[in-house]
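Coordinate analysis (summary)
Single-letter residue listing:
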Amino acid sequence: MGRARKIRIVLAKPGLDGHDRGAKLLARIFMEAGMEVIYTGLRQTPEMIVETALQEDADVVGLSSLSGVHNYFFPRVMELLREKSMNDVLVVGGGIIPDEDAAELKKSGIAEIFGPGTSTEEIVKFIQVHARQRS
Amino acid sequence: MLDKDELKKMKAAKDKWGKEILQKSLVREKERKEVFTSISGTPIERLYTPLETASLDYNEEIGYPGQYPFTRGVQPTMYRGRFWTMRQYAGFGSAKESNERYRYLLNQGQTGLSVAFDLPTQAGYDSDHPLSMGEVGKVGVAIDYIGDMRVLFKGIPLDKVTTSMTINAPATVLLAMYLAVADEQGVSYDKLGGTVQNDILKEITVRGQYIYPPKQSMKLTVDLIEYCFKNVLRWNSISISGYHIREAGSTAAQEAAFTIADGIAYVQACIDRGLDVDTFAPRLSFFFNAFTNVLEETAKFRAARRCWAKVMKERFGAKDPRSMMLRFHVQTGGVTLTAQQPLNNVVRVALQAYAAALGGCQSLHTNSYDEALCLPTEQAVTVALRTQQIVAEESGATDTIDPLAGSYMVEAMTDKIEAQIEEYLQKIDALGGTLAAIEQAFIQKEIQQSAYRFQKEIESRERVYVGINKYTMKEPPPANLLKVDMKVGETEARKLREIRAQRDQARWKKALEHLRKVSLTNENVMPAVIEAVKADATIGEICNVWREIYGEYKPKQFF
């Protein structure tokens, strides 16, 4: 991709949701696509996620939720990123997220929401195109 | 078993068919694929004949229903006696809303209840804990203290229904609340029927609703099992679950193998406590998934039943046949559902329910077609319940016992899956047992590898998934999705403030102190937990007692 350094991505599971099949699968796929992956594990508060993104100097944050709490957690992560002036971090989400919610989440600054059945190739490509370029 | 002569004749006939008929056909037209495999990756032969099952000893390996090794089923009459229990997993919002849904389902002909708790309840947090934010009443009902349980079962006599509760790390607390409500209803414990999931090992490997480290969690698990077989005689004190293992990506054989491995760990833990195997083993129950491949799923259920019977008899020396019976609940496969063309899911669920019936389940939950989109709407729940009623009443699968027995394919597959289970059990033994295998992440890695393989097959279109990688179409966004009221959290928080202020403070304090004292010893905690819930202690307060004593589980991450 002509990047000076590898894309660093923090994958996170906000809230108490335990469905991590997708997150773990993507962690492996991203690694194979040449990214550096930090997976937070379960039970993350928005504060913990943003702190990890800051510490890890993440280019991308990926949020996964299948328990219906995205409307609460995703915008809160965006808010905290803005507070820390991390506006150029690309944030994407995935899970069981109804279309109308996805539209609202995008307004809050989430770049894209990937629903069930999305191919991992599509997700990888999106991140490679949209993640910030740094030297 | 076939005798040598017959075998020889049959082999000759098959070879002849292969040369004269099959080869010609293959030359004219190739088959769709070079190798056929099930969704689990198990190779499937072109044709099964008596040759593939020639070594099977009918009396030893297949036998009769209600008799060791239970391959054909755990009861002598199976569904000719009565159908499986139709049990839809449900619960959302407040206890009052869930109570209404339960009464609706019972009126629709459902025969048992299955309580879904919200995630804060499952993780042992009160509704006003910071980690509960946004989660209260979402994927299940919010239960904070006994008052909620009282409302949840209002107007439902506990001696007339059986109740299954999907609760694990804090299982002792929720069972205690149920028992306390039974006391209030004047129902004695020996009249109570139901199940608590109480299966912490699969929380650690795949489901994620753990609180304490494995060893300390196992202590609570065994406390509950011990308390039940002494006091709540008809209660299934554990539901050893393969369902979530499969959802996390395992194959059918892995699902059965890792579930049985977990079962072995629980039985061993009870024996280590000094309990006699035949006292508690009859109340152990199981919970499996059902995917759409009817043949493989039926074989899986039969293999699991046979394998467990052998494990209990041979490994643990059980004498009571009831200790050797693998009785199980089935839920159709959540991950098999697609958000695309959601009505297609009705068909998937029907096939999966059919597999559960052919496999001899004791109870069944059929998923709603809209579950890849949202929590199920009432319409979708009704279709799901009707689906299993159609399988029971119209399909014919329930009029004879284990109808696929004797199918060359299904018997060969049953054998194969049993062999795969046994191979895994040997590997796990070699690693030092189930807990050691989990600690070394062996089980988790095997499952993740299967999930990865499946994803690759879908993306390369090696495996077709209707609506995902073939037969796709543009469709309007789905309408009429269920929305859970976001205000439940606030209402629950207000209620908690009130109860904390109003309860008998002296009784509450004494009960929690007593619980702490008991928890520092090897004594069974159940009586102290019952006393604490009766004193209006909240789930968070009770679980915190153990958080302080046991510490919290923090898994290592790998992928």
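Residues numbered from 1 in each chain as written. Chains lettered and ligands numbered in written order. Predicted model: local features only at pLDDT ≥ 70, side-chain atom pairs only at ≥ 80, totals over all residues.

In terms of regular secondary structure, chain B is built from 21 helices and 10 strands. Whereas a compact globule of 559 residues would reach a radius of gyration of roughly 24 Å, chain B reaches 24 Å, a difference of no more than 12%. Its C-alpha atoms put chain B at 90 × 60 × 45 Å along the principal axes. For chain B, the residues scored as buried account for 50% of the 559 residues in total. Sequence-distant contacts, at least 24 apart, represent 77% of the contacts inside chain B between residues at least 6 apart. (Helix = DSSP H or I, 4+ residues; strand = E, 2+ residues; numbered from the N terminus. Rg over C-alpha atoms; globule rule 2.2 N^0.38 Å. Buried ≥ 20, exposed ≤ 12 C-beta atoms within 10 Å, placed from the backbone. Contact = placed C-beta atoms within 7 Å.)

For the rest of this paragraph, the subject is the nonpolar core. Residues A:Val61 and B:Val529 are the most contacted members of the largest nonpolar core, which totals 193 residues. No other element matches the 12 residues that helix α10 (residues 252-272) of chain B contributes to this core. Setting aside chain neighbours within four positions, we find B:Val529 in contact with B:Thr172, B:Val173, B:Ala176, B:Leu515 and B:Ile542. (Core = buried A, V, L, I, M, F, W, Y, C linked by C-beta atoms within 7 Å.)

Contact with chain A, which involves 29 residues of that partner, is made by 34 residues of chain B. When contributions to the side of chain A that touches chain B are tallied by element, the ones reaching two or more residues are α1 (21-32), α3 (70-83) and α5 (120-130) of chain A. Of the residues forming the side of chain A that touches chain B, the biggest block, 5 residues, is contributed by α1(A). Considering only residue class, the side of chain A that touches chain B consists of 11 nonpolar, 10 polar and 8 charged. (Nonpolar A, V, L, I, M, F, W, Y, C, P; charged D, E, K, R; others polar.)

Before going further, it helps to spend a moment on the sheet that holds strand β6 (residues 235-236) of chain B. The strands that make up a sheet pair up through hydrogen bonds in the backbone, lying either parallel or antiparallel. Residue and element names in this part refer to chain B. Strand order in the open sheet made by the 5 strands is β2-β3-β4-β5-β6, with parallel pairing throughout. Among the strands making up the open sheet, the edge pair consists of β2 (89-90) and β6. Examined bridge by bridge, β2 and strand β3 (residues 113-115) share 2 bridges and lie parallel to one another. Within the sheet, the bridge partner assigned to Tyr-89 lies in β3 and is Ser-114. (Pairing = 2+ DSSP bridges.)

This paragraph deals with the confidence of the model for chain B. Detailed reading of the predicted coordinates is not advisable wherever pLDDT falls low. Chain-level pLDDT for chain B is 95 on average; 99% of the residues reach the 70-or-more range. Scored as a complex, the prediction yields pTM 0.96 and ipTM 0.93. (pLDDT = per-residue confidence, 0-100.)

Counting all residues, the mean pLDDT for chain A is 94, and 98% of those residues have values of 70 or more. Across chain A, strand β1 (residues 8-12) of chain A holds the top mean pLDDT of 98, while helix α4 (residues 99-107) of chain A sits lowest at 94.

The next subject is the domain arrangement of chain B. Domain annotation for chain B reports domain 1 (1-30) and domain 2 (58-459). Inter-centroid distance (C-alpha atoms) of domain 1 of chain B to domain 2 of chain B is 43 Å. (Domains from an automatic or database assignment.)

This paragraph deals with α3(A). All names here are of chain A. Counted at 1.5 Å a residue, the expected span for α3 with its 14 residues is 20 Å, and the 20 Å between its end C-alpha atoms agrees. Looking at α3, one finds that the buried residues are His-70, Phe-73, Phe-74, Val-77, Met-78 and Leu-81. Projected down its long axis, α3 shows its buried positions confined to an angular sector of 135 degrees, all on one face. Check the buried side of α3 and you find it contacts α2 (46-55), β3 (60-65), β4 (90-95) and α4. (Expected span 1.5 Å × (residues − 1). Arc of directions from axis to C-beta.)

The subject of this paragraph is the sheet that holds strand β8 (residues 284-290) of chain B. Residues and elements named next belong to chain B. The 5 strands are arranged β1-β10-β9-β8-β7 in an open sheet whose pairing can be described as parallel. Here the strands that pair on one side only, and so sit at the sheet edges, are β1 (85-86) and β7 (238-241). Looking at chain direction, β8 and strand β9 (residues 328-332) are connected through 5 bridges and run parallel. For Phe-288, the partnering residue across the bridge sits in β9 and is Val-330. Sheet contacts for helix α13 (residues 344-359): β8, β9 and β10 (363-365); angle to β9, the most-contacted strand, approximately 165 degrees. (Axes fitted to C-alpha atoms, helices over the stretch in contact; angles between N-to-C directions.)

This brings us to α2(A). Residue and element names in this part refer to chain A. Among the residues of α2, those classed as buried are Pro-46, Ile-49, Val-50 and Ala-53. Along the long axis of α2, the arc covered by the buried residues comes to 95 degrees, so they all point the same way. Of the residues in α2, the exposed ones pointing more than 90 degrees away from the buried face are Glu-47 and Gln-55. Elements that come into contact with the buried residues of α2 comprise β1, β3 and α3. Looking one or two residues past α2, Asp-57 carries a phi angle of roughly 55 degrees, positive in sign.

With that settled, the discussion passes to the packing of α1(A) against helix α17 (residues 442-459) of chain B. Geometrically, a packed helix pair is captured by the angle between its two axes and the distance between the axes. In contact at an axis separation of 10 Å, α1(A) and α17(B) are set at 75 degrees when each is read in the N-to-C sense. Comparing their axes, α17(B) and α1(A) come out roughly perpendicular. The segment α1(A) lies against α17(B), with A:Arg21, A:Lys24, A:Leu25 and A:Arg28 engaging B:Gln448, B:Ala451, B:Tyr452 and B:Gln455. Class assignment of the residues belonging to the contact of α1(A) with α17(B) gives a composition of 3 nonpolar, 2 polar and 3 charged. (Parallel < 35°, antiparallel > 145°, perpendicular 65-115°, else oblique.)

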